[in-house]
Amino acid sequence: MRRPRLEVADVFHRHGADWRRANAGHVSLGQLQVMSAIEQCRSAALGGHVERCEDCGHSRIAYNSCRNRHCPKCQGAAATDWLAAREADLLPVGYFHVVFTLPAQISPIACQNKAIVYDLLFRTAAETLLTIAADSRHLGARIGATAVLHSWGSTMTHHPHVHMIVPGGGISLDGTRWVRCKPGFLLPVPVLSRLFRRRFLAALADAHLAPLKRKNWFVYARPPFSGPEAVLAYLARYTHRVAISNSRLVALDERGVTFRYKDYRRNGQARYGKMTLSADEFIRRFLLHVLPKGFHRIRHYGLLASAGCKANIARARQLMAAPTAEVEPPAVHDTADPGATTDHGPPCPCCGGRMIIVEVFARGSTPRGPPSSAGTST
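Below is a summary of the structure that appears in this document. Model, not experiment: these values are computed from the prediction. (Residues numbered from 1 in each chain as written. Predicted model: local features only at pLDDT ≥ 70, side-chain atom pairs only at ≥ 80, totals over all residues. Heavy atoms only, no water.)

### What about the sheet that holds strand E7 (residues 169–172)?
Reading across the sheet, the 3 strands line up as E4-E7-E8 and stay open at both edges, with antiparallel pairing between neighbours. Either end of the sheet is taken by a strand with one partner, and the two such strands are strand E4 (141–142) and strand E8 (178–180). When E7 meets E8, the two strands line up antiparallel, connected through 3 bridges. Among the inter-strand pairings, Gly170 is bridged to a residue of E8, identified as Val179. (Pairing = 2+ DSSP bridges. Helix = DSSP H or I, 4+ residues; strand = E, 2+ residues; numbered from the N terminus.)

Here is the structure:
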């Protein structure tokens, strides 16, 4: 697999030691562990194996991945595994994309109390959506949602928000029929926004938060996708994303780190730009988004909540007279360290044949013999 020209790991290798010294005493153990994992990912420090092509005999070294959920190199395979597990839960209806965002004034509070505020964001967003959907003045049905936390903007500033993928309908409150949404319309956004604001502030009712009751809060609801298949493609962009991907990095030089970003307040070509940050500021922003240990950034609510998901999906399909999926893949859960994901080895670069493992070597070790050709997988 060809290595990107520039990676977050390169920034850490070149400037990480100095940054750690300069910020000693102000960096959490979790942040230090993320830095170490990214620096060691797919290197001899983690060990690996030698692969050989069954057809042409080409061999190469493949180093182990760190599998940390904040590592830009590891999340592609993790997303593939997660999406495969979710495929059986898709319903044959249009899906909506709903985003619940916290105002900028709450960002400093969230940054200092991540586990509490992020959990509150998840809970109040889900409660808001399920409550309004169950109201007979709106949909009058029990709906489901898959929610994914993102804590960053395009320039890695702190911007907590939750993306939700929501089926376009739900099971009636008496459980006897499937209630479809109006074409292109899920729920009224102003109603969602007001209830979301009220519920969140009720849980953070301190004197210094009172001004936020007079500020507009934002919920975004996108029209439905073209079909269930499009949902999986879209989810892949959100479920295992990290603060910045290696593909957005442009340069690492004496000025700092240059990367591409989008300004969503602008349209056309003006939306796309490049930004250069000092290496220290780049590392600081990246580590802002390290989640508390054990915090689940992907959650399921309503009909899709894990406890009754399979039964609810089956009932929904029955009410819609839709066929039930024949194969039920094993459940995959988002954890603090999704190390249970499967490695997805690329085929032989010479002939496309299947690569098989012929030798395994431990952390910090090297293969007993070099590969028969120069290629090394990183």
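The rest of the description comes next.
### Concerning the packing of helix H2 (residues 29–40) against helix H8 (residues 279–287)
Contact geometry for H2 and H8: axes closest at 10 Å, N-to-C directions at 110°. On the basis of the axis angle, H2 is roughly perpendicular to H8. Crossing of H2 against H8: the hand is right-handed. Counting all contacts with H2, which are made through Gln31, Val34, Met35 and Ile38, the residues of H8 involved are Ile283, Phe286 and Leu287. (Axes fitted to C-alpha atoms, helices over the stretch in contact; angles between N-to-C directions. Parallel < 35°, antiparallel > 145°, perpendicular 65-115°, else oblique. Left-handed = near helix turned anticlockwise from the far one by under 90°. Contact = heavy atoms within 4.5 Å.)

### Some points on the side chain of Asn68
Here Asn68 lies in the loop between strand E2 (59–63) and helix H3 (75–86). A distance of 2.9 Å separates the side chain of Asn68 from the backbone nitrogen of His70, its partner in a polar contact. (Polar contact = N/O pair within 3.5 Å; in protein donor to acceptor, adjacent residues only side chain to side chain.)

### Observations concerning empty space enclosed by the protein
The full count for this structure, using the stated rule, is 1 cavity of 30 Å³ or more. In this structure, the largest cavity spans a volume of roughly 130 Å³. Lining the largest cavity are 14 residues, with Arg69, His70, Trp152, Arg241 and Val242 sitting closest to its centre. In terms of residue class, the lining of the largest cavity is made up of 5 nonpolar, 5 polar and 4 charged. (1 Å grid on protein atoms, 1.4 Å probe; cavity = no way out; pocket = protein on both sides within 12 Å on 5 of 7 lines; lining within 4 Å. Points joined across faces, edges and corners; volume = space filled by probe spheres on them. Nonpolar A, V, L, I, M, F, W, Y, C, P; charged D, E, K, R; others polar.)

### A closer look at helix H9 (residues 309–320)
Here H9 is 12 residues long and its end C-alpha atoms lie 16 Å apart, about the 16 Å a rise of 1.5 Å per residue gives. Of the positions making up H9, those classed as buried are Cys309, Asn312, Ile313, Ala316, Arg317 and Met320. When H9 is viewed along its axis, its buried side chains cluster within an angular range of 135° and face the same direction. H9 presents Ala311 and Gln318 as exposed residues on the side facing more than 90 degrees away from its buried surface. Close packing links the buried residues of H9 with E4, E7, E8 and strand E13 (298–302). At the exit of H9 stands Ala321, carrying a positive phi of roughly 55°. (Expected span 1.5 Å × (residues − 1). Buried < 20%, exposed > 50% of the residue type's maximum accessible area, 1.4 Å probe, protein only. Arc of directions from axis to C-beta.)

### With respect to the nonpolar core
Ranked by internal contacts, the top residues of the largest apolar core, which has 41 residues, are Leu129, Met164 and Phe200. Ranked by the residues each element gives to this core, the list is headed by helix H5 (residues 114–134), at 10 residues. Apart from the residues within four sequence positions on either side, Phe200 is in contact with Leu102, Ile106, Val117, Leu120, Leu121, Thr124 and Trp217. Core analysis: the next-biggest nonpolar cluster, separate from the first, contains 30 residues, Ala37, Met156, Ile244 and Leu287 among them. (Core = buried A, V, L, I, M, F, W, Y, C linked by side-chain atoms within 4.5 Å.)

### Some words on the packing of aromatic side chains
Scanning the model with the defined rule gives 9 aromatic pairs in all. Each residue in the set Phe100, Phe196, Phe200 and Trp217 is aromatic and connected to the rest through ring pairs, giving one cluster. The ring of Phe295 is capped by Arg299, whose NZ or CZ atom sits 4.7 Å from the centre of that ring. (Phe/Tyr/Trp six-rings, centres within 6.5 Å; stacked < 30°, edge-to-face > 60°. Lys NZ or Arg CZ within 6 Å of the ring centre and 35° of its normal.)

### Let's talk about helix H6 (residues 189–203)
In this model, H6 (15 residues) spans 21 Å end to end at C-alpha, consistent with the 21 Å of a helix rising 1.5 Å per residue. Those residues of H6 that sit buried are Leu192, Ser193, Leu195, Phe196, Arg197, Phe200 and Leu201. Buried-residue contacts for H6 involve strand E3 (95–101), H5 and strand E9 (218–222).

### Focus on the state of the cysteines
The full count for this structure, using the stated rule, is 0 disulfides. No disulfide involves Cys56; its sulfur sits 3.6 Å from the nearest other cysteine sulfur, which is in Cys348. Left without a disulfide partner, Cys74 is nearest to the cysteine sulfur of Cys41, which lies 3.6 Å away. Classification of Cys74 as buried rests on a relative accessible area of 8%. (Disulfide = S-S within 2.5 Å.)

Everything listed here is a matter of geometry and, on its own, says nothing about what the molecule does.
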